[in-house]
Amino acid sequence: MALSGLDIFKLLPKTNCGDCGVPTCMAFAMKIAQKKAELSSCPHASEEAKAALGAASEPPVRLVKIGAGNGPEVGGETVLFRHEKTFFHPTGIGLEIRTSQGEDKILDDVRELEGYRAERVGEVLKADLFFISHDSAEKAAFLRAVSLAKANSTKGLVIDCPDEEALKEGLELLRNDRPAIYLRRPLTERDIEMAKTSGASLVITASSPQDLADQTEKARQSGLTNLILNCQGNGLGGAIQNNAILRRSALKKSFKPFGFPLFIRIADADGFESLAASAALLCKYASIIILPRFDKALLYTLFTLRQNIYTDPQKPIQVDPRIYAIGDPTPDSPVFVTTNFSLTYFIVSGEIENSGTSAHLVVCDTEGQSVLTAWAGGKFVPEKIAKFIKDIKLEEKVKTRKIVIPGFVAQISGELEEKLPGWEVIVGCQEAADIPSFVKSVNLV
Ligand code: SF4
């Protein structure tokens, strides 16, 4: 039976030394009870505590790190649906490299993915992994592909090689790089030995949940914990069904053989099918998704979806509250005011830029809420806006004495003017898309 936070606290040293990264033993005990921390983070835990806590301190889905550099940490989830709390570790997105492609194409793909990044609402989005699949006859081709990826990338590597000798040599090249070994066939004692010797994680492949459970139990019994599960289903529907069974069993039934991150390799199909499959599986528990080819449109779409799913639903994405220069403003440039909800900031700043006008954008602290939500919640009201404008000493930074507020809060204009003597408050447009025409029609300075 799961232990409560109080039960766990009784087993801890109670010194509140903070070495676990949490200020008190009680707070640490609560984190263990919520499956957000592991007992191994407390260097002072007694053997008695380790034995007593045992399974209770294990997270329901193990966190696995691939790669020593920018490779992802995957797994570590505690809920089935993001609205129950949040998802913690975004799906690792990777690209398949086949040794039959030849060195030039491999190098091109590695460099393309390594250099590709997109920025959205202030976050830099990028891929995390390469999956190197040995599908040619020559051992040298596999080793060359591994060397090229290692030399030209800091991402994590998953390697798939049916030639055991070549695989061992590849692992030797990746010593200290924490790769993962993808197994095409059922797990053997030799695979277990290789994983232990090299420190690599194992991607275990099976055709059914029952087959998978048998293999992961064997790996667990041998002491391996860095496992990733690849349960191949019959088509997209089968893959989604299997993923749902595995994750639900891990979280709701505490079924340990399925308490690991989930791996998906997308089949090479046309662009729409690849997108549909990878998007559906990203939503349904894939911890790692390997794409069949480099495709910026596909990557950007998945990055956007991943960002939305792995954003904490209880914490809106925010930007720092301060004055932002849009374009190249001078003290005579107009002043706009808005909230610090990221989407609001990026849409408003983008439309001011589109208008061709340089401006000062005053972003008030509304705890990341959008304009109307913040107004309704008392966070974007005259008193707070006026205080913020005074705190940032806006009148020392600009010569104009006009500020533009969002059209949706036209009702606060009078009171805001009263709180900001000497300033004229102009009611702007309701939709950010109308900013360019608004700027042309009104004298803002
Ligand atoms: S490291 Fe251990 S003893 Fe120290 S505060 Fe954390 S739980 Fe308590």
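So, how was this worked out
- Residues numbered from 1 in each chain as written.
- Predicted model: local features only at pLDDT ≥ 70, side-chain atom pairs only at ≥ 80, totals over all residues.
- Heavy atoms only, no water.
- Helix = DSSP H or I, 4+ residues; strand = E, 2+ residues; numbered from the N terminus.
- Buried < 20%, exposed > 50% of the residue type's maximum accessible area, 1.4 Å probe, protein only.
- Contact = heavy atoms within 4.5 Å.
- Polar contact = N/O pair within 3.5 Å; in protein donor to acceptor, adjacent residues only side chain to side chain.
- 1 Å grid on protein atoms, 1.4 Å probe; cavity = no way out; pocket = protein on both sides within 12 Å on 5 of 7 lines; lining within 4 Å.
- Points joined across faces, edges and corners; volume = space filled by probe spheres on them.
- Nonpolar A, V, L, I, M, F, W, Y, C, P; charged D, E, K, R; others polar.
- Salt bridge = Lys/Arg side-chain N within 4 Å of Asp/Glu carboxyl O.
- Phe/Tyr/Trp six-rings, centres within 6.5 Å; stacked < 30°, edge-to-face > 60°.
- Pairing = 2+ DSSP bridges.
- Axes fitted to C-alpha atoms, helices over the stretch in contact; angles between N-to-C directions.
- Near = heavy atom within 4 Å.
- Sits in = over half its atoms within 2 Å of the grid points.
- Expected span 1.5 Å × (residues − 1).
- Patch = residues over 30% accessible without salt bridge, like charges linked within 9 Å, V, L, I, M, F, W, Y side chains within 5 Å.
- Areas by Shrake-Rupley, 256 points an atom, 1.4 Å probe, with all protein chains shown as cover.
- Right-handed = clockwise from strand over helix to strand, strands pointing away.

(A) Structural context of the environment of isoleucine 385. When you line up the elements, isoleucine 385 lands in helix 14 (residues 382-391). The buried category is assigned to isoleucine 385, whose relative accessible area is 1%. Note: C-alpha distance between isoleucine 385 and leucine 420 (35 residues apart in sequence) is 9.4 Å. If we ignore the near neighbours within four places in the chain, the residues touching isoleucine 385 are Val337, Cys364, Phe380, Ile412 and Leu416.

(B) Region of the structure containing the side chain of serine 355. With respect to the helices and strands, the residue serine 355 is situated in the loop between helix 12 (342-354) and strand 15 (359-364). Exposure remark for serine 355: the relative accessible area of 13% places this residue in the buried category. Looking at serine 355, its side chain comes within polar contact range of the main-chain oxygen of isoleucine 352, at 2.5 Å. Filtering out sequence-adjacent residues up to four positions away, serine 355 remains in contact with Pro436 and Val439.

(C) Local environment of empty space enclosed by the protein. Considering all chains together, one arrives at two cavities of 30 Å³ or more under this definition. Looking at the largest cavity, its volume works out to about 80 Å³. As for the largest cavity, its lining consists of 15 residues, and the residues nearest its centre are Cys17, Gly18, Cys20, Cys25 and Cys42. When the residues that make up the lining of the largest cavity are grouped by side-chain class, the tally is nine nonpolar, five polar and one charged.

(D) Up close: the pattern of salt bridges. On inspection of all chains with the given rule, the structure shows 18 salt bridges. Here the salt bridges do not stand alone but share partners, grouping Glu96, Arg98 and Arg265 into one network.

(E) Main features of the packing of aromatic side chains. Counted according to the given criterion, the structure contains nine aromatic pairs. An angle of 20° between the planes, with centres 6.0 Å apart, marks the rings of tyrosine 116 and phenylalanine 303 as stacked. Here tyrosine 116 is found in the loop between helix 4 (103-115) and strand 4 (117-120), whereas its partner phenylalanine 303 is found in helix 11 (residues 296-309), with 187 residues between them in sequence. One exposure class covers both tyrosine 116 and phenylalanine 303, and it is buried. Aromatic side chains tyrosine 324 and tyrosine 345 sit 4.6 Å apart centroid to centroid with 45° between the ring planes, which places their arrangement in the tilted category.

(F) The sheet that holds strand 7 (residues 156-160), seen in detail. The strand order 10-9-8-7-6-3-12-11 describes an open sheet built from eight strands, whose pairing is parallel. Unpaired on one side and paired on the other, strand 10 (227-231) and strand 11 (263-265) mark the two borders of the sheet. Averaged over all neighbouring strand pairs, the angle between strand axes comes to 25°, with direction disregarded. Here strand 11 pairs with strand 12 (residues 288-291) via three bridges, running parallel.

(G) Here's a closer look at the site of the ligand. The ligand sits among Pro13, Thr15, Asn16, Cys17, Gly18, Asp19, Cys20, Cys25, Phe28, Cys42, Pro43 and His44. Most atoms of the ligand, that is more than half of them, are within 2 Å of grid points of the largest cavity. Tallied by class, the residues present in the shell around the ligand amount to seven nonpolar, four polar and one charged.

(H) Seen up close, helix 5 (residues 139-152). Taking 1.5 Å per residue, 14 residues should reach 20 Å; helix 5 reaches 20 Å between its end C-alpha atoms and fits that length. Along its buried surface, helix 5 packs onto helix 4, strand 6 (129-133), strand 7 and helix 6 (164-173).

(I) Just the environment of lysine 440, in detail. Tracing the backbone through its elements, the reader meets lysine 440 in helix 17 (residues 435-441). The exposure class of lysine 440 is exposed, given its relative accessible area of 68%. Each C-alpha atom, one on lysine 440 and one on glycine 356, is 9.9 Å from the other, the two residues being 84 residues apart in sequence.

(J) Inspection of a nonpolar patch on the surface at higher detail. Taken together, the side chains of Leu6, Met26 and Met30 present a nonpolar region at the surface, about 240 Å² in accessible area. In this structure, leucine 6 sits in helix 1 (residues 5-11).

(K) Fine view of the pairing of strand 14 (residues 335-339). Judged by how many residues are buried, strand 14 sits mostly within the fold: five of five residues are covered. Here strand 14 shows no split at all, with Val335, Val337 and Thr339 on one side and Phe336 and Thr338 on the other all buried. Sheet topology note: the strand 14/strand 15 ladder contains five bridges and is parallel. Note that in strand 15 the partner of valine 337 across the bridge is valine 362. For the handedness criterion, the β-α-β arrangement of strand 14, helix 12 and strand 15 is classed as right-handed. One ladder, built from two bridges, connects strand 14 with strand 16 (residues 402-405); its direction is parallel. From the neighbouring strand, phenylalanine 336 faces strand 16, where its bridge partner is valine 404.

(L) Spotlight on the sheet that holds strand 14. Across the sheet, five strands lie side by side as 13-15-14-16-17; this open sheet has mixed pairing. One side of each edge strand has no neighbouring strand; the edge strands of this open sheet are strand 13 (323-326) and strand 17 (424-427). Neighbour-to-neighbour, the strand axes of this sheet turn through a mean angle of 30°, independent of strand direction. In this fold helix 12 packs onto strand 13, strand 14 and strand 15, with an angle of close to 170° to the strand it touches most, strand 15. Running over the sheet, helix 14 touches strand 14, strand 15 and strand 16 and is turned about 120° from strand 15.

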